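Structural overview
Listed here are the chains, written in short residue letters.
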Amino acid sequence: MKALRNLFDKMRPTFSEGGKLHMFRSLYEGFESFLFVDPIQAKRGTHIHDCIDSKRLMTFVIIALMPALLFGMYNVGYQHYQHINETVGFAGMFLYGLGAVLPKIVVSYVVGLGIEFTVAQWKHEEIQEGFLVTGMIIPMIIPVTTPLWILALATAFSVIFAKEVFGGTGYNIFNVALITRAFLFFSYPQAMTGDKVWVSNTILGTDGISCATPLAEPAKTNLIDAVTGLIPGCIGETSVIAIAIGAIFLIATNVASWKTMLSVFIGGALVAFLYNNVCPDTNAAAQIPWYEHLCLGGFCFGAVFMATDPVTSARTETGKYIYGFLIGVIAITVRVLGGYAEGMMLAILVMNMFAPLIDFFVVDKNIKQRMSRAKTTK
Amino acid sequence: MSTLFSKENKEAFTKPLNLDNPIAVQVLGICSSLAVTSQLKPALVMGISVAIITAFSNLVISLIRNTIPNRVRIIVQLVVVAALVTIVSMFLKAYLYDVSVQLSVYVGLIITNCILMGRLEAFAMNHTPWASFLDGLGNGFGYAIILAIVGAIREILGAGSILGFQILPQGLYDAGYMNNGMMVMPAMALILLGCVIWVHRSINKEEKK
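Attention here is on the structure that accompanies the text. Chains are numbered independently. Their residues run from 1 in the order of the written sequence. The naming scheme follows written order: chains are lettered A onward, ligands numbered 1 onward. Only residues with pLDDT of at least 70 get local features here, since the model is predicted, and only at 80 or more are side-chain atom pairs given and counted; chain-wide, interface and lining totals rely on the full set of residues. The basis for every side-chain value is the complete set of heavy atoms in the structure, and neither hydrogens nor water enter the calculation.

Here a residue-residue contact requires only that any non-hydrogen atoms of the pair lie within 4.5 Å. Taken together, the contact between chain A and chain B spans 12 residues of the former and 11 residues of the latter. When chain A packs against chain B, close to 970 Å² is buried across both sides, 76% of that on carbon and sulfur atoms. Take the accessible area each of two parts loses on contact, using a 1.4 Å probe, and add the two losses: that sum is the buried area. The largest contributions to the chain A side of the interface with chain B come from Trp149(A), Phe161(A) and Phe186(A), which together make up 40% of the buried area. For this document, the term salt bridge refers to a Lys or Arg side-chain nitrogen within 4 Å of an Asp or Glu carboxyl oxygen. Between chain A and chain B we count zero salt bridges in total. Two N or O atoms form a polar contact when they lie within 3.5 Å of each other; inside protein one atom must be a possible hydrogen donor and the other a possible acceptor, and for residues adjacent in sequence the pair counts only when both atoms belong to side chains. Connecting chain A to chain B are three residue pairs in polar contact (both at pLDDT 80 or more). For the side of chain A that touches chain B, the elements supplying multiple residues, two or more each, are helix H6 (148–163), helix H7 (176–187) and helix H8 (189–192) of chain A. The secondary structure listing takes helices from DSSP runs of H or I that are at least 4 residues long and strands from runs of E that are at least 2 residues long, numbered from the N terminus. Residue contributions to the side of chain A that touches chain B peak at five residues, all from H6(A). Considering only residue class, the side of chain A that touches chain B consists of 10 nonpolar, two polar and no charged. Only Asp, Glu, Lys and Arg are considered charged, only Ala, Val, Leu, Ile, Met, Phe, Trp, Tyr, Cys and Pro nonpolar, and every remaining residue, Gly among them, polar.

Dropping the structure here:
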């Protein structure tokens, strides 16, 4: 640690104003404040300083994502060997998954951070750390067979058009990772849906094995597999247990709001229960029991990691209940009545759009209440 | 002859092509430019149709501008535009049937195109016929240029072709390249249009100030 610190101190003049590598200043500052505490400190006056800045917050989310990611890697290998009828040990499966998933993480980070660093340098701003979490989530919400060039294109698109044009980290209306997925979903439907994309045939994932997804053929799935996560699906979304570990960590460290998470599940459960009893037998998606609905597809992952994104979700405490509840409602409704098999992505994007409106009415109601109270006491 | 191509008249034609472009600067006629630009051919046909209609409706209105009662001028303008649109629509149906099917209602909807009414009100009502004609032509072509750019980008990325001819080689597809399905959707047209306006404004930043 000390050596690293010395290295950074030695390198500082090269990157500061007039130095040889001044054009990479933002890169240097970005890494320095990622590894250490920000060197720029207030010199005068009294300040209460908390080490939990947004970089540390993001680091917590990354840690919370780890169980789902590691399990996802294992599951990629498990599904592969399951479908080619071979038996390999745990390590073999995991290594296979690591080989398939790691390139995606690298591509997502290189493209996304590259654009962020360029923009920061160009606008003479500090590096924003928002891509840290986004870059980890993107590989987890796509099928394992997604070609890397498509992933790079989609990441570039969403970082530029969903984030930088709105003003960078903290100003985006929509969840950047979900925009990446939406871009892939609408641009390259043949690579994102269907029965050939969920299980990879080769290590780089360029080729798929045909297999039905649980949401398309619910009868073939049993609940135990859906909870442990040994089902085909996007890389990080399958295991309820791994996501639950992440959720507990996020709630315990106070990083994500339990109100949003809880209300997503309540909304989804209520509506799914309703459809169970109302819809005719011919609608296969409506016949999935409500508790299975919550375990399948990207419902859990979306509820825990995407709906709770502090930038795009509702910010008022009451608003979080409404926001989460409606996400659950829309997600299940799209699954049952809509044309797509999975509705979580669309539900969260739609509610991202309405989050400011929800906040506005919650605040407005509060102001009115207090006004009327002030009048009556007068 | 010299008065025909005086500086003002030339400007009436050239300005809307670039510095006062109806789409990129005035931000008019957006809806149709999103709807018809999924391929280059309908975009070009649409652009040329609009150019002809703006030019001639400007000309006609400018000719009768002194006889139009001020209180009913919008109705008169609409009648002229509607007549021209009907002529163009019939012409397209007779000679370019495929494209007219592709354009469907959007040819008829040229009547409601903001560029037309905007030019009639802002220019033709108080300028001479020749200047008005040039202005209409300029605005129409300014619209057509942007349509052609967006249409070309959408067609090459969405279908790999230009004007229906395959441009991207089969080898590229064999190597794993795929057409971008979102390019065919109007949502992407809006984003592309935004990029065109972005590029246009950053090029013309100096001159605007």
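So that's the structure; there's more coming.
Residue and element names in this part refer to chain A. To pair, rings of Phe, Tyr and Trp, with the six-membered ring standing in for Trp, must have centres within 6.5 Å; the planes then decide the type, stacked if under 30 degrees apart, edge-to-face if over 60, and tilted in the middle. Following the criterion strictly, the structure yields 20 aromatic pairs over all chains and no others. Their ring planes at 85° and their centres at 5.3 Å tell us that Phe185 and Phe186 sit as a pair that is edge-to-face. By relative accessible area, which is 10% here, Phe185 ends up buried. Through successive ring pairs, a cluster of aromatic residues spans Phe71, Tyr74, Tyr78, Phe90 and Phe94. Exposure classes here rest on a 1.4 Å probe applied to the protein chains alone. A residue is buried below 20% of its type maximum, exposed above 50%, and partly exposed in between.

To continue, consider unusual backbone geometry. Glycine aside, the phi torsion of most residues is negative, and most peptide linkages are trans. The residue Asn254(A) is not glycine, and still its phi comes out positive at about 65°. Mapping Asn254(A) onto the fold places it in the loop between helix H10 (240–252) and helix H11 (258–278). Overall, the relative accessible area of 67% leaves Asn254(A) in the exposed class. One non-glycine residue, Val27(B), lies in positive phi territory at about 55°. Judged by relative accessible area, which is 43%, Val27(B) ranks as partly exposed.

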